[in-house]
Every structure is written in C-alpha cells, then in structure tokens.
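Examination of the molecular architecture
Now for the letters of each chain:
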Amino acid sequence: MPADAQARLHRLLQGLLSPVVLSALVLSACLGVTAVLWHSARVDAEQDAQADFDGRVRELVNNLDQRMQTYVQVLYGVQGLFASSLQVDRDEFQTYLTGQDLNRHFPGVHGVGYMQLIGPHQLAAHQAIVRRGGFPDYQVFPPGQRAWYAPIVYIEPFSGSNRRAFGYDAASEPRRRAALEQARDSGQPAMSARIRLVQEGGAPEQAGFLVVLPVYNHPQPTGTLAERRAAISGWVYAPFRVGDLMAGLGGPRAAALDVEIYDGDRINPDELMHDSAPNASHGLRFTRQQISIASHRWTLRIAMLPSAAPARSDKAQQIGGLGLALSGLLAWLTWLLARGRLRAREGQQRSSALAEELKEGQTTLLVLADSAQRSQAMLRSILDSTVDGILVDNLGGTVLNSNRRFRELWNVPEHLDWQSDGAVLMAHMCAQLRHPDCGLRLDEPAQMLLPGVQRGAPLAEEHEVLHLKDGRVIEKHTRGLQLGSEPARIWSFRDITERTRIEQREQTRRHVLELLATGAPLQTILESVVQGVEADHEDMLCSVLLLDEDGEHLLVGAAPSLPAFFNAAVHGKSIHSGLGACGQAILTRSRVIVEDIRSAPSWAEYRDLALQAGLGSCWSDPIVSTSGAVLGTFAIYHREARLPTLANIALIEQGARLAGIAIEQAQAAVALRAGEARFRSLYDHAPVALWEQDWSALRNALAELELSGVDDLAAYLQANPSQLRRLASLVRILDVNAAALEQVAAPPGRKDVSGLTLAQNFDAAALPNFARAVTALAQGQHFFACEGSFERLDGVARLNELTLLVMPGHTHSLDFVIVSTLDITERRRMDDELRVLATTDFLTGLPNRREFMGRLQEEEGRLQRDIGACAAVLLLDIDHFKRINDEHGHAAGDAVLRQLADLMREGQRKIDMLGRIGGEEFAILLPGTDLDAAAVFAERLRQRVEQTPMLLDDGHTLDITVSIGIAAMGGAAPGGNPALIRADQALYCAKRGGRNRVELMDAEADRPGHQVPAASGLKL
C-alpha cells in the first residue's frame, strides 16, 4: 500500500478513535443492541396475541359452518320423508320431527316447517281442506293476488310463536320468494337474505333468515331447469333467529370476541344481522371473514374485545430501561479512556514533525532531477506507440514533431525534406487525396492565424474526413495547444476505411431490411442494394439481373446508373445468347471477371452496345438462394478497364448476398400473403363456427388463485360460482367467422365482435362445463371437448357442441385459443323424440313393453342388493275387449285404452311404473309394496274402472271391467321375469274365475318340483 494511502488511513483511524466519536460509537452500538432485544420482545408478545386471536376466529367460523351444515342435513331428512311417501300428513310430519328433538339437539332452529305450492286457482280449495282438517280459522295471509302461493301448512313445534306463522305465504315477501325460487331452480338448499321472522315478537328484536329445500313430485324428472319447475310441489324449511343461533357458539373462547354478521359480500350497516357486543370499542386486532351457507354469503367482522386482550408482558420495558442505563455507563467510560490516549499521541506527533519536513525536502529535489531526464524519452515513446498519426506544427509553416504512424499512413519517403519545409509535406499529402484541393496548408496565415492566436489563445477544434485515391478513408482532427509561451497545433489522423465500409454495409442492410419489413416492391429493394454499393464508390456502376420463372431469360431487376437503352437491350435476353459476364456467371454458377470488354470474346455480340454505354470492364457474381438455386446476377461496371482488388471482391460478394436475401424475402412475402389470403378465405367460409379467444387475463387470474393457496381448482370453482363468473368475464373474443355470426343470430352485413361474450359459447347454465374446460387447459391440456348451452344475441337459448384448442406455443400464456362450435339443438330434439318414440306407447302415452321390462330388470337388481326389500307386479286385462272392437269399432277400442291409462295414472305413486305390454294388456310395478298392499291397490283400481263409464267419440258411454293378476318380488324370489309369469298365471285364473276380479299368486309356485297350484281369489 502506498505511503500516502497509509497516512490517510492512519488519520482516518485517529479521527474515529477520538473521544467523542468513539464514545458515540459505543453508545450507538449499545443502544442498537438494546433496541433489537426490545423489539424482539415486543414482536414475540404481539405474535402470541395474534395467534390466539386467529385460533379463536377459526374455531368460531368452523363451529358456525358445522352447525349450519347440521341444520341443512335435518332438512334433507325431512325432504327424504316427503320423497318416500305419496303424501305426508300432519301427524307423520309431527311424529318425525318430535323424534328429532329440535330444541335439545339443534339450538337456534326456531322450528321446521313445510310450505306447499298453491296455484292462484287452488287457493280457495286449499283453505277449505285445511279448515276441514281441524283449523276452522285457517287463512293464507297476507291477502292479495299473486302468481303463486307458498303458505306454511306444517310447522313443528306447533306452539307458541310458531302458531303465528301458520298460513303465512312466503311468496308474498321478495327476499323469501327469492330463496324459494333459487331452491326450486337449483334443486339445492337455499338461504334467504336478512328478514324479520313472522314469529318474531320478543325484545330485543333479532334478525332472522330461512333455509329452504325443494320437494319435488317423484318420479317426475328433475334433470333440467324446466323439469324442476314442473315437478316442484313445495318446500321444507327452517326459520332461524341469528341471536339464538350464535348463543353459546364457540364456548368460552368465543366470548372474548365481538362478532358482527352482515348479510351479503360486504360490510353494510343496513344489513347487520348480529352484533355480540354492540357497545364495545374495537381494538386494533380484527379480521373480516366470509362464509357461504346454502348458496348464500355472510360477511363476518370479528374483533377482540379490549377487556379480553391478554396482559402485555413488561419484559420489553425491563430490557429497554436496563439497556439505556448500561449504554450510558459504557459510553462515559469509553470517553475517559480515549481522551487520555489522545493527549499522549499529540505530544509524540509534535516531536517528529520537524524531522519529517526535512526528509520531504530532499525527496522533492531528487524527483525533479529524474523527471527532467525522462520526459524527452517518454514523449517519443508515446508518439510512436499510438495508433493515430500525429503531426505538430507551430502555425508558421514549420513541422515541430511527428510519429511513425503518421509517416506510414501518408507514405512519406525518407528522402523527402519536409521537416524544414512543411509545404512540401502538405503537397505530398494532397496528391494522394481524391480531391487534391482539400485545403491542407501549413503556411497560409488566413487559415493558420485565427482570432486570438497571436495572444496565445488556443485554436478551435476541427474535424474532417479525407478520401484517398486508393480507396482509403482517413479521419482528421486538429486542435490548438500551448507549447511553453508559443501557440501550436496538433494534427491527428486515423484510418477509418474498414469502419466506414462496415457502417456503409450495415446502413445498406438496415435499409433493405426496413423495406422488406414494410412490404416494399422488389425493384425498390434491389435499387436500394445497388445504390448502397455505389454510394461510397463513385466510379462503380452496379446492376442486378433476375432469372425468369423458366430460368432461361434475364430480366433487369435494378440498374439505376446504367443508360436506359442498355437496360432495354439486356432485358429479356436468353442466358444462352452469350450475354457477357452475367450469362456466363449463371451458366457456370461462379464469379466472372472481364477486365476489358473491348477484347473479351463473351461480349462480342454486345460489345458495341457496351462501348456506346461507356462501359470498360464488368465483374459479375451469381446470386444463389439458401437452397442452392441461382436467382440472378450482381454485376459491377467501370468506365475504364480494370481488375478488382480484394476489397472489390468482398464488395461484390456482399452485394450478391444482400440481393439474394432481398429476392428470397420478397418471394417469401408474396407466398405468405397468398397463403394468408387462402387461410382467411377458408376461415371465413368454414361450415363450422370458429372463435378466436384470448385467455391471457384468465391465466393471470388463475396464477393469483394458485398463489393464494388454491390447490384443487375444480373443487374451488364448483364451490365459488361467483369466481367462475368472474373468470368467464375475462375471456376476450378476438375474431369470429361467418358461421359463428350466423349461429348467434348476429345482424347480417357486418362483423362486430364487441357485442360478443363467452355467453355465446357457455351461458349461465353451461358454466360448470366451462369450469371443466378451464381446469383442463390450465393443467396443460391442448384439447377439450364438451356439450353445453349458449345464448344467442336475440336471447334464445340453444345447445352446442364445443371443441377448445390451444394453439401450439401458447399453452402457458393462453393468449390464443381456437373454439369451434356446432349447434346441436335440433339434433338433440330429434334424439329426445326418438327416445320417446322408442320407450312410449303411441296410443296411451304409457311406457311400452321394452321400457317396462327395462324398469323391471332395474328393480330386480335393487332387490338383489337389498334382501329385506319387496315389490309387486300387476297384470291387468280388459274383459271382453274383442267384443268392444267388434261391436263399436277399433276407434272405440282405442278410446277405451286411452281412458283406462288415464285412470291408472290417477292412482299412481311417484315411484310406481305403468306400462302397456301388448293389446289390451297392461302391467304395473309397485316398488316397496308387499302382496297384501298390492291387493288393496289392485282392488281400488278394479272398482274405479268398474264405476267409471268410458266415453266414446260418438258421445255414448261404455262400462268395462278388468281382471288383475298379482305376483310378489323380493326375498328368495327377486326375479322380474318369473314374477311376471306368475302374475300372468294369476290373471288367467281371474279370467277363468269369472273376470272382473283380482287374483294373487304366491312365489312358492316357482320352486322346482312343484306343480303350479290354483291361485287364490280375492273379490272385495
């Protein structure tokens, strides 16, 4: 390390070790350690308090969610009660719920009830039936005309405030009606918004809500929205008071929390449902949680009550106080020690100061003597080692100095006497320039003596580029300087020939690439190549000749500097007609050098034309494509005969390569435009609807969900329909074809994608399929196919078949997704019609024999799985049906069959299966029915048929009877076909026994080794 650096370091250390600085450093370090320990203690206390708060909140929210899920399961149980029976009366409802013991096992539930769907024309009949059932004062309230009613007909426990809700029409209030409609349409439990319960009469008043579950008529199908609306018969529900629901929830740990419950997705004071501590002041520790119950969202604001906050440890205060005291004490001791050391060092420094000054004086004298001897040698070495040529003159025509590089650049001979006469040197230099009158002078006062030079003011800096006859380019810089008391000037010369050529080639290349990028014509691009070569070589005349498509003739591509008559004569000539150097270059696929056109045999035919154009030599290089095909030639002409230098060879090769690139790129651009036009035509006229979509914003949203901790995307989207709708809104429609516009009923004549959304591919009902597509594509799949419904622009809902394809290279960005859609609405309708025709008897509308046998086989499988279950099969036949056809005609017989089918439907349960299995023979499957109950059912049906006259088309009536055979299924004999055979045997027994009767057949008749006994008769 140098001595001065050591001295500076020594002084710096002494300054740092001064009493004030050193004591301040010690104090700062101690205070820093104290602050770190104090902060760590506070952070530990804060983390403990936050962890306790988070645990209480998580426990409270989980308990609330589990409690509500339990209540929903209660409603599912009541729904199952209605599904398992044809009709649930008040006693069955009361018996079931009494066994549940709601008040003891389900705190917060105000009761469980049943709302029956009543049409406007059924209201009076409904009120009359309930009044006859023991409630003479029953009235549906509030009064008013509505499209439908949902009065509360059952509610348990039926006492106290619950009696006030008896007969209340939930459809009369918007929030209750919205929950009923949501449950009806979705088939899932639904929770109402914040309401005031009809039972509410206490003080203080509590907010309430309902949880409803739909009850459908079985076995009516409920697969679609329309089928669910047609099958709805009522709702089971449970009313809740939020205060009672939250009472005791979470135990003692939750008592330390202030819980505010708001209805909806945000905190709105108008929607406050519950506040466990209304007058409590909120501290800094609170959280906001959201919980979804029965497709409805609550927002919870939970804060720690100030009184419940744990006491802060005073450990941090103790650490802080002790640290401050120790820091002050250590700083004071350090100051005392440093002050004593400083006084001792000052005395030592004063004693050595005089000796140091004497030593420095002697060193200075030695340095001055040595530098005077080395300066001259250093100056010469520097001048000779520079890459630039250096010349120094005194502004009076005398050269003061120069270096070796200057003499090499200007080819200065050794015998030239230029040191005494600078004008001789300037003349030698000007003779090598392309323009000798450049003005290089050393002895002209007008040029040399600028204003202020006489007084020693420096000259202004000058810059100039000189072009030499041999093709070199030299950059010259001049500036003034002072040599002692005299002015002088320094000349700097640098050979920039290669740099200039590189810049010129790069400029030409960039210009050509810009023209290619902007789609300029090929002739313009080739002219740019030619002019780029000619720009720095004034004596060169360049041309580009192109081969035609047949490869037999040369066409002038670009030759702006050649005479027009010469270009016209060359254009279109055959390569085999001896077209000078260019024709030979193409035929030989190599460079051709013609030094003198006048004596070259290849120019014999065109020699006079070339001489007329003033051309003396020609160098031609073939233009070859990347595939090896010859595209044309690049030629350089001169006015006089000459051979090319190495630099000229490199220049012609560069021009040929650049021209080849331009020609290939231009040809590729033409082919690309043609291909794009063909693709656009195919795209626009494709028979399948095509959609170009951008999913990049959706991909970013998925990345955010992944960072937030969402691992199972499919389950998350299923549980959060609002997030699924948000993701659907992020998809952008970029382009569509004509088939897509026609599919969504867009206005004809124009394409406007701004009005198109994802609803034209996936409407609200098809969003689950969209969720599956998002999950598949986000996991890296390139292809996904599904079916779903979509919404046309005129509001009509249709069905389509979709195929989603991620274009290659866009899997991670999802910014280019092609969707093809095919409207399958009519195909689906035809399939449904064919399915109905294949499974339904066209005359009666009942299932045909094939459908009935399929259902019988399903029931057989159920009985095999459940040994204790049972079922019954009935076969019935119209007595003397042939007589009806013979006496009244087949039209009358058809009318009788249709009316009999209607009578059978009237007594059918939801789970029963009817069918016409041939002619006048019908079958009935009664699941869950033993032989005795089936006999009662059959006898009622027989009596109803006997007592109901059949109305013929001509207005006459006809009395008919039926014979019915019954066989049981289940236990050891679950088979469907054997049961049908036994029922057929019982039917024939009824026929032989006098008709208009019911006969039973025991399963023991099918056991091996037994004869079929006579059936037992039943005539009630």
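Structure: above.
Residues numbered from 1 in each chain as written. Predicted model: local features only at pLDDT ≥ 70, side-chain atom pairs only at ≥ 80, totals over all residues. Heavy atoms only, no water.

Ranked by size, the top nonpolar core spans 79 residues in total, and within it Val112, Phe209 and Trp298 carry the most contacts. Top element by residues in this core is helix H2 (residues 19–83). It accounts for 13 residues. Not counting chain neighbours up to four residues away, the residues in contact with valine 112 comprise Val74, Leu75, Val78, Phe93, Leu97, Leu102, Tyr154, Ile155, Glu156, Tyr237, Ala238 and Pro239. Ala728, Val744, Leu767 and Val819 belong to the second largest nonpolar core, which has 41 residues in total. (Core = buried A, V, L, I, M, F, W, Y, C linked by side-chain atoms within 4.5 Å. Buried < 20%, exposed > 50% of the residue type's maximum accessible area, 1.4 Å probe, protein only. Helix = DSSP H or I, 4+ residues; strand = E, 2+ residues; numbered from the N terminus. Contact = heavy atoms within 4.5 Å.)

Take the side chain of arginine 982 next. Tracing the sequence through the fold places arginine 982 in helix H30 (residues 976–992). Here the side chain of arginine 982 touches alanine 968 through a polar contact of 2.6 Å, landing on its backbone oxygen. (Polar contact = N/O pair within 3.5 Å; in protein donor to acceptor, adjacent residues only side chain to side chain.)

Running from amino to carboxyl end, helix H20 (residues 696–707) crosses helix H22 (residues 721–729) at an angle of 145°, the nearest separation of the two axes being 9 Å. Crossing handedness for the pair H20 and H22: right-handed. Within the contact between the two elements, H20 uses Leu698, Ala701, Leu702 and Leu705 and H22 uses Gln723, Arg726 and Leu727. For the contact of H20 with H22, the class distribution of residues is five nonpolar, one polar and one charged. (Axes fitted to C-alpha atoms, helices over the stretch in contact; angles between N-to-C directions. Left-handed = near helix turned anticlockwise from the far one by under 90°. Nonpolar A, V, L, I, M, F, W, Y, C, P; charged D, E, K, R; others polar.)

Before going further, it helps to spend a moment on empty space enclosed by the protein. Inspection of every chain in the model, using the stated rule, returns three cavities of 30 Å³ or more. What lines the largest cavity is a set of 14 residues, among which Leu545, Phe566, Val570, Trp603 and Tyr637 lie closest to the centre. Of all the elements, helix H16 (residues 564–570) adds the most residues to the lining of the largest cavity, at three residues. A breakdown of the residues in the lining of the largest cavity according to their chemical character gives 12 nonpolar, two polar and no charged. (1 Å grid on protein atoms, 1.4 Å probe; cavity = no way out; pocket = protein on both sides within 12 Å on 5 of 7 lines; lining within 4 Å. Points joined across faces, edges and corners; volume = space filled by probe spheres on them.)

Taken as a whole, the largest pocket spans an internal volume of roughly 2,000 Å³. Taken together, 43 residues make up the lining of the largest pocket; nearest its centre are Ser186, Arg228, Ala764, Ala765 and Pro768. Here the lining of the largest pocket is built from residues that sort into 16 nonpolar, 16 polar and 11 charged.

Let's shift gears to the packing of H22 against helix H24 (residues 767–778). Contact pair H22 / H24: the axes reach a minimum separation of 10 Å and the direction vectors enclose 70°. If you check the angle between H22 and H24, you find them roughly perpendicular. On H24, the residues touching Leu724, Arg725, Leu727 and Ala728 of H22 are Leu767, Pro768, Phe770 and Ala771. Partitioned by chemical class, the residues of the contact of H22 with H24 number seven nonpolar, no polar and one charged. (Parallel < 35°, antiparallel > 145°, perpendicular 65-115°, else oblique.)

Now for helix H28 (residues 890–906). Taking 1.5 Å of rise per residue, the 17 residues of H28 would be expected to cover 24 Å, and the 25 Å separating its terminal C-alpha atoms lies within 8% of that figure. Considered for burial, the residues of H28 that qualify are Ala892, Gly893, Ala895, Val896, Leu897, Leu900, Ala901, Leu903 and Met904. (Expected span 1.5 Å × (residues − 1).)

Everything listed here is a matter of geometry and, on its own, says nothing about what the molecule does.
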